[in-house]
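Each chain, written out:
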Amino acid sequence: MNEFRWRDSPDTIARLVNAENIQTLSKQQVMLKPNEACAMIIDGRIGDILSETLLKSMAGGFSRWIGDKMGITANDRRLLFAMTGPMDYWIPFEGQIADGEKAKGYTNLRLRMNLEDVPKLLNYFANNAPTLTRDGLISIIADEVNARVVTPCLASCTSASGLRDASFLERFEMTAESEMRNLLSNLGFTLLKAFPITNPTDMELVQKHRAAVQAKTAGTEANVEAQLAHYAQTEALTISRIELETNVARAKARGQVTIELEAELKDVRAKEANWEAERNHERGKMELRVDEADAKTKRAMDMFAEVQGRKSNRIANQQNFQNQRMENQNDFQTKMMEMAADNGALTAEVMQEFLRQQTAQKAVDGAGSESVNNSPKVCSCGTGLSPGWKACPSCGTPIA
Amino acid sequence: MIGTPLDILPYVRGVQLILVGYNGYTKGSRLENDKMVREEITRATTRVRSHMQNVFDSQFKGGNVDVARAAKQCMEECDYLIEDVAKAVSGMEHAFLSGQRSPTNKDLKKLIKHDNEVIEMVTKGVNLANSSEHSIATEEGNSKQIVMQTTQMISSCRGFFAERTRVLAGLKQKK
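These numbers come from a predicted model, not from an experiment. (Residues numbered from 1 in each chain as written. Chains lettered and ligands numbered in written order. Predicted model: local features only at pLDDT ≥ 70, side-chain atom pairs only at ≥ 80, totals over all residues. Heavy atoms only, no water.)

Below, the discussion takes up the nonpolar core. By size, the foremost hydrophobic cluster in this structure holds 59 residues, and its most contacted members are Phe81(A), Leu121(A), Leu132(A), Leu137(A), Ile141(A) and Phe189(A). With nine residues, the top contributor of residues to this core is helix α3 (residues 134–155) of chain A. When neighbours within four sequence positions are excluded, Leu132(A) is seen to be in contact with Asp11(A), Thr12(A), Ile13(A), Ala14(A), Leu121(A), Tyr124(A), Phe125(A), Leu137(A) and Phe189(A). Counting residues in hydrophobic clusters, the runner-up holds 41 residues, among them Tyr22(B), Ala44(B), Met52(B) and Leu111(B). (Core = buried A, V, L, I, M, F, W, Y, C linked by side-chain atoms within 4.5 Å. Buried < 20%, exposed > 50% of the residue type's maximum accessible area, 1.4 Å probe, protein only. Helix = DSSP H or I, 4+ residues; strand = E, 2+ residues; numbered from the N terminus. Contact = heavy atoms within 4.5 Å.)

Quick look at the structure:
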């Protein structure tokens, strides 16, 4: 049994086969896949529509031959094969949008054929070749698609960017669904999807070129900025390196100076220590001398105090003696006056004599007490010297 | 399955009300039954799509894009379901030679029950689609809501029909 192939190209959509033309000695069979269908037209009427089956004894073979000879089979048998599965069709279009700009592209139609609609293809085969290809279908529906769908939709589009708008695509599909139903239904097709694929318009190409130039300019600017940044970075790096080297050199010099200063400082410290020791030594010596002078002064002061004490004692002794003598004198004169008075010898002359003698006595007593020289003296160091001092209390110089 | 078990008889009868010739996968007629069920689902879905086409046309030409968009979505959902059903697996013949295990009564019962339920569900979708068109014609009720409910029902049908594939896939491995 031979396998009959009704479709030898992917572009073939449907084919009307006259069974008389494929008569062979052996039987022929056709395998119908799920996306294929076969409508049998027997003696001018539509018979069964088959799919997903193995169509045995379709044509040819002895039984067919004998049946035809005996006239017990149909006189006219035609087989209408068709692809039912969804297929895409690209229909070119060229039109103008609302602003006058030209738009070119393709309309993509995705069509399916229902099993019961397969016989409607007879409408096509009535006036066309028995094989329907993709191009054949496009040639039939293209004008109507352009007239009913593409042109109105483009006319409602105000700018080229609107061609890529989602609302435009939706409107396009809805328009196609509504406007193309009549033709497609007559041919037995069902529209599943419709959308336009538009080429870039002239203005879009200009915008694309402008965007490319801007992008290139921006790229150049970015490169220049990057180069400048690189130079600036290199400059900063070099300056930092120079500063670093300078700082290192300065630090080295500073370190050298510090070392020298530290050495000098050590010398100065040693000298200071030496000078401090000498000063302490001298201070000790001076303190010794001062202590010695203080001791001398103290001793002189002590001696002076002792002399003053003795002098005071002597003066007190003298004064006591004088007072005692004066009292004795007074007692004696009193007794004498009393005796004179008792004896009636107290006359004016006696009194006068008595006063005269007493005055003379006082003069003698006074002269005796003022025999000491009280004139002040001054030492060579400027210190005032009192009478009776044997040495200066300040400098210790002996007084002559 | 030589005879039809009593417990699934109501389901078989339910399907037979819609599909004349359906016999519940009796031996020798399983592929035919499977094809009948799938064709019925496709036919019902096509009815839903036709209603939605009418809704879409009237609303789009009337400028009511919201409802038209919802109807278009429902049409697309119908297309998806039709395509799912058209390209669904059937299997189950020549089990011995193909390496599949033979379906048990339990498998077939599950399949028959599933057929009944999915046909009922698609029928509900048809009713909803009819209601939406009626709602638009009489301007009663929220037509957009009914359209969207139809979409939801068809979408549920897709998911529910996919379970059939799972049932049939269980037959592909011999236990």
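Residues and elements named next belong to chain A. Using the criterion set out here, one finds six aromatic pairs over all chains in the structure. Between phenylalanine 4 and phenylalanine 81, the ring centres sit 6.1 Å apart and the planes meet at 40°, which makes this aromatic pair tilted. With phenylalanine 4 in the loop between β1 (2–3) and β2 (12–18) and phenylalanine 81 in strand β5 (residues 77–83), this residue pair connects regions lying 77 residues apart in the sequence. For phenylalanine 81, a relative accessible area of 0% puts it in the buried group. On the basis of an interplanar angle of 75° and a centroid distance of 5.3 Å, the ring pair of tyrosine 124 and phenylalanine 125 is categorised as edge-to-face. The residue whose ring lies beneath arginine 134 is tyrosine 89, and the NZ or CZ to ring-centre distance is 5.7 Å. (Phe/Tyr/Trp six-rings, centres within 6.5 Å; stacked < 30°, edge-to-face > 60°. Lys NZ or Arg CZ within 6 Å of the ring centre and 35° of its normal.)

A few words now on the layout of surface pockets. The space that makes up the largest pocket amounts to roughly 530 Å³. Along its surface, the largest pocket is lined by 26 residues, and Leu115(A), Glu116(A), Arg38(B), Glu39(B) and Thr42(B) are the ones closest to its centre. Among the elements of the structure, β4 (45–59) and β7 (102–113) of chain A together with α2 (30–61) and α3 (65–86) of chain B are those that each provide at least two residues to the lining of the largest pocket. In terms of residue count, the dominant contributor to the lining of the largest pocket is α2(B) (eight residues). Looking at the lining of the largest pocket, its residues break down into nine nonpolar, six polar and eleven charged. (1 Å grid on protein atoms, 1.4 Å probe; cavity = no way out; pocket = protein on both sides within 12 Å on 5 of 7 lines; lining within 4 Å. Points joined across faces, edges and corners; volume = space filled by probe spheres on them. Nonpolar A, V, L, I, M, F, W, Y, C, P; charged D, E, K, R; others polar.)

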